[in-house]
Amino acid sequence: MKAFGIDEALKTLGILSVNEGTSTGINNFSSGDVIDSFSPVDGKLIASVKTTTESDYQKVMESATKAFKSWRVMPAPQRGEIVRQFGEKLRAKKEALGKLVSYEMGKSYQEGLGEVQEMIDICDFAVGLSRQLHGLTMHSERPGHRMYEQYHPLGIVGIISAFNFPVAVWSWNTALAWVCGDVCVWKPSEKTPLCGVACQNIIAEVLKENDLPEGISCLINGDYKVGEFMSKDSRIPLVSATGSTRMGKIVAKEVAGRLGKTLLELGGNNAIIVTPDADIKMTVIGAVFGAVGTAGQRCTSTRRLIIHDSIYDKVKQAVVDAYKQLRIGNPLDENNHVGPLIDKDAVAMYQGALKKVVAEGGTVLVEGEVLSGEGYESGCYVKPAIAEASNDFEIVQHETFAPILYVLKYSGDVENAIALQNGVAQGLSSAIMTNNLREAERFLSHAGSDCGIANVNIGTSGAEIGGAFGGEKETGGGRESGSDAWKVYMRRQTNTINYTTELPLAQGIKFDL
Ligand code: NAD
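Thresholds, definitions, all that
Residues numbered from 1 in each chain as written. Predicted model: local features only at pLDDT ≥ 70, side-chain atom pairs only at ≥ 80, totals over all residues. UniProt positions renumbered as here; feature names shortened; annotations may be inferred. Pairing = 2+ DSSP bridges. Helix = DSSP H or I, 4+ residues; strand = E, 2+ residues; numbered from the N terminus. Axes fitted to C-alpha atoms, helices over the stretch in contact; angles between N-to-C directions. Buried ≥ 20, exposed ≤ 12 C-beta atoms within 10 Å, placed from the backbone. Contact = placed C-beta atoms within 7 Å. Domains from an automatic or database assignment. Nonpolar A, V, L, I, M, F, W, Y, C, P; charged D, E, K, R; others polar. Near = placed C-beta within 6 Å. Core = buried A, V, L, I, M, F, W, Y, C linked by C-beta atoms within 7 Å. Arc of directions from axis to C-beta. Parallel < 35°, antiparallel > 145°, perpendicular 65-115°, else oblique. Left-handed = near helix turned anticlockwise from the far one by under 90°.

Taking an unreviewed UniProt entry as the reference, the protein chain is identified by name as aldehyde dehydrogenase (NAD(+)) belonging to Seonamhaeicola marinus. According to UniProt, the comment filed for the protein chain under the heading Sequence similarities (unreviewed entry) is "Belongs to the aldehyde dehydrogenase family." If you open the UniProt record of the protein chain and go to Subunit (unreviewed entry), you find "Homotetramer."

This part takes up the sheet that holds strand β4 (residues 145-153). Strand order in the open sheet formed by three strands is β3-β4-β21, with antiparallel pairing between adjacent strands. Two strands lie at the open edges of the sheet, namely β3 (137-139) and β21 (490-498), each paired on one side alone. Looking at each pair of strands side by side, their axes are set apart by 25° on average, direction ignored. Inspection of the sheet shows β4 paired to β21 by nine bridges, in the antiparallel sense. Bridging from a neighbouring strand, His145 pairs with Asn498 of β21.

UniProt's feature table lists "active site" (unreviewed entry) at Glu265, given in the numbering used throughout. Overall, Glu265 belongs to the buried group, with 30 C-beta atoms counted inside 10 Å. Discounting chain neighbours no more than four positions away, the residues touching Glu265 are Thr242, Gly470, Gly476, Gly478 and Glu480.

When the domains of the protein chain are assigned, the result is domain 1 (2-266 + 478-492) and domain 2 (270-466). Counting residues per element, the side of domain 1 that touches domain 2 draws most heavily on helix α5 (residues 109-129), which supplies seven residues. A per-class count over the side of domain 1 that touches domain 2 returns ten nonpolar, eight polar and six charged.

Another aspect to go through is unusual backbone geometry. The backbone of Leu259 shows a phi angle near 55°, a positive value even though the residue is not glycine. Secondary-structure assignment places Leu259 in the loop between α9 (245-257) and β9 (261-265). Under the C-beta neighbour-count criterion, Leu259 is labelled exposed, with 8 such atoms within 10 Å. Not every positive phi belongs to a glycine, and Asn457 is a case in point at roughly 60°. Its location among the elements puts Asn457 in the loop between β17 (453-456) and β18 (468-469).

Turning to the environment of Leu505, a few remarks are in order. Structurally, Leu505 is set in the segment after β21. C-beta crowding within 10 Å serves as the criterion here: with 9 such atoms nearby, Leu505 is assigned to the exposed category.

On to the site of the ligand, then. Contacts to the ligand come from 30 residues, most closely from Ala162, Gly227, Gly243, Glu265 and Cys299. Mapped by element, the contributors of at least two residues to the shell around the ligand are α8 (224-231) and α9. Looking at which element gives the most residues to the shell around the ligand, the answer is α8, with four residues. For the shell around the ligand, the two domains that each supply at least three residues are domain 1 (2-266 + 478-492) and domain 2 (270-466).

This part is about the nonpolar core. Counting residues in hydrophobic clusters, the biggest one holds 145 residues, and the most contacted among them are Leu100, Ala126, Leu176, Ala198, Leu305 and Tyr489. If you tally residues by element for this core, the top one is helix α7 (residues 193-209), at ten residues. When residues of this core are sorted by domain, at least three fall in each of domain 1 (2-266 + 478-492) and domain 2 (270-466). If sequence neighbours within four positions are ignored, Leu100 has contacts with Ala9, Leu10, Leu13, Leu194, Cys195 and Ala198. Listed in part, the six residues of the second largest apolar core include Cys299, Cys451, Ala463 and Phe469.

What follows deals with helix α15 (residues 437-444). Taken as a whole, α15 has its buried residues at Glu439, Ala440, Arg442 and Phe443. Seen along its axis, α15 keeps its buried residues to an arc of 165°; they face one direction. For α15, the exposed residues set more than 90 degrees away from the buried face come down to Leu437, Arg438 and Glu441. On its buried side, α15 packs onto β10 (270-274), α14 (414-422), β16 (429-433) and β17.

Whether parallel or antiparallel, the strands of a sheet pair through hydrogen bonds between backbone atoms. Reading across the sheet, the seven strands line up as β12-β13-β14-β11-β10-β16-β17 and stay open at both edges, with mixed pairing between neighbours. Two strands close off the open sheet at either side, each with one partner strand: β12 (363-366) and β17. With strand direction ignored, the average angle separating the axes of adjacent strands in the sheet is 25°. In the sheet, strand β11 (residues 302-308) pairs with strand β14 (residues 404-410) via five bridges, with the strands oriented parallel. Following the sheet pairing, Ile306 is matched in β14 by Leu408. This element, helix α12 (residues 344-359), spans β12, β13 (385-388) and β14 of the sheet and lies at about 25° to β14.

In this section: the packing of α5 against helix α6 (residues 168-179). Look at α5 against α6: their axes get within 9 Å of each other, and the N-to-C directions meet at 15°. Between α5 and α6, the crossing angle belongs to the class labelled roughly parallel. As α5 runs across α6, the sense of the crossing is right-handed. Mapping the contact onto sequence places Glu115, Glu118, Met119, Ile122, Cys123, Ala126 and Leu129 in α5 and Ala168, Ser171, Trp172, Ala175, Leu176 and Val179 in α6.

Bringing the UniProt feature "domain: Aldehyde dehydrogenase" (unreviewed entry) in the protein chain into the picture now. In the UniProt entry, the feature "domain: Aldehyde dehydrogenase" (unreviewed entry) is given for residues 33-494. Across residues 33-494 one finds 39% helix and 21% strand; the C-alpha atoms that close the span lie 47 Å apart.

Take a look at the structure:
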């Protein structure tokens with residue numbers, strides 16, 4: 001019996017016990033080597049999945065190609081109805097899926113539930129969207145002509161996702177892509193393969209109940225080599241890839257080489273600016289949650305705190321004091337604030353970064369440590385650390401996916417803080433804590449934050465599904481989720497219709513025969 005009712009959750013999600021393979025077998029062509037999924041919570045084997053070989057992949061693509069032919073002609077509101085049913089199933093399985101997310105990835109149970117709630121919310125959003133895939137009409141320069149634009153389904157959308165949001169990122173893509181008339185092939189992270197199987201089982205049930213082709217939602221398993229099947233495949237017009245900047249650069253080059261489209265959601269290096277007019281209590285909560293929540297493994301985690309010199313010592317001390325209250329341990333126990341890192345490689349990266357910041361001249365304010373002993377058997381639990389640093393340190397310029405917060409000082413005007421905030425290669429999330437309207441507006445202005453997300457008086461981490469999500473520069477430029485992010489999943493067509501008996505040419509050109 002595993003911790004906190006996880007066996008019950010696995011059963012509810014159709015995942016069989018250890019080594020019995022992946023799932024219900026629905027649309028499951030995988031026949032390759034086995035990936036064992038170990039929990040970072042307690043180091044135990046949860047279950048295993050088979051990887052997708054190249055010939056399995058061809059079968060998946062045949063299934064997706066066939067499904068697209070019928071799915072694309074189903075009216076969008078009817079596709080919305082399928083997404084609505086999917087959202088209902090998620091509601092029914094929220095606790096089980098939230099628990100699996102927490103146990104396989106290591107985030108708190110509350111965050112696991114929150115991730116499933118995001119899936120439900122994006123389904124609701126997509127249902128409404130299914131009646132609002134609007135194009136524009138325009139006035140033609142030619143008499144008796146009508147012009148408009150419309151959006152058509154794109155085809156097969158390839159989704160590559162990261163371990164840290166093992167279910168929500170998929171749904172951000174699929175819920176929109178499905179109402180847009182696309183079918184999806186998903187390669188989840190090889191570090192969280194069971195979350196992928198669980199989601200596939202849930203949508204497969206909905207498709208079966210509606211007598212729809214399985215190929216509308218396909219799952220492939222494995223590491224980067226399986227991801228490469230998709231980036232190289234010209235049958236996939238759009239590859240949506242979430243993960244490290246390193247991965248994004250490789251995928252972008254590959255897909256661009258065949259003139260396909262990419263939607264890239266890559267690494268962040270997010271900062272909170274704390275001005276002399278900041279509310280210190282709110283700042284401390286925002287900064288600490290942003291830096292240690294999900295053990296610093298959110299793309300929007302707070303990595304840098306940029307504090308004005310007039311309040312520097314006070315804010316620094318308040319944050320250091322707050323760290324003393326942090327409880328580190330099993331994320332399924334809601335008394336704990338900080339769970340484990342995903343695996344021992346991540347622990348090694350954390351240790352390496354701490355060494356590096358000291359070597360570059362940084363001062364450690366809260367010591368890091370790898371925890372051992374009872375409750376920490378997985379070897380993945382670490383103490384959140386804080387170091388005083390300079391923005392130009394190489395390690396500060398780099399995204400370390402762990403709970404390490406760099407504290408930086410600025411002097412003078414808020415422009416100096418904005419320059420530090422923008423002075424990194426990544427451009428995902430940013431925040432300013434201030435009650436000064438002028439500072440807030442300068443931060444949000446054309447000359448302000450260069451990130452895809454810019455917040456005032458809330459931290460960098462956590463976003464709602466209603467807005468478009470994504471970032472600039474090395475974060476990749478993609479936008480997912482709300483607003484008009486749906487447009488990337490469709491192809492745009494401009495139509496001109498002549499309802500006269502004449503054939504006037506555009507720009508007044510004469511061509512008489
Ligand atoms: P990762 O880059 O190691 O892996 C992400 C996915 O890409 C995995 O499924 C992996 O198998 C696949 N992959 C890796 N190399 C590939 C290649 N050459 N071709 C095709 N696929 C390949 O990232 P990770 O460690 O799983 O996740 C952490 C990273 O993800 C962080 O940098 C984080 O900031 C980023 N992230 C970004 C967002 C966002 O929305 N911007 C969201 C979540 C995570």
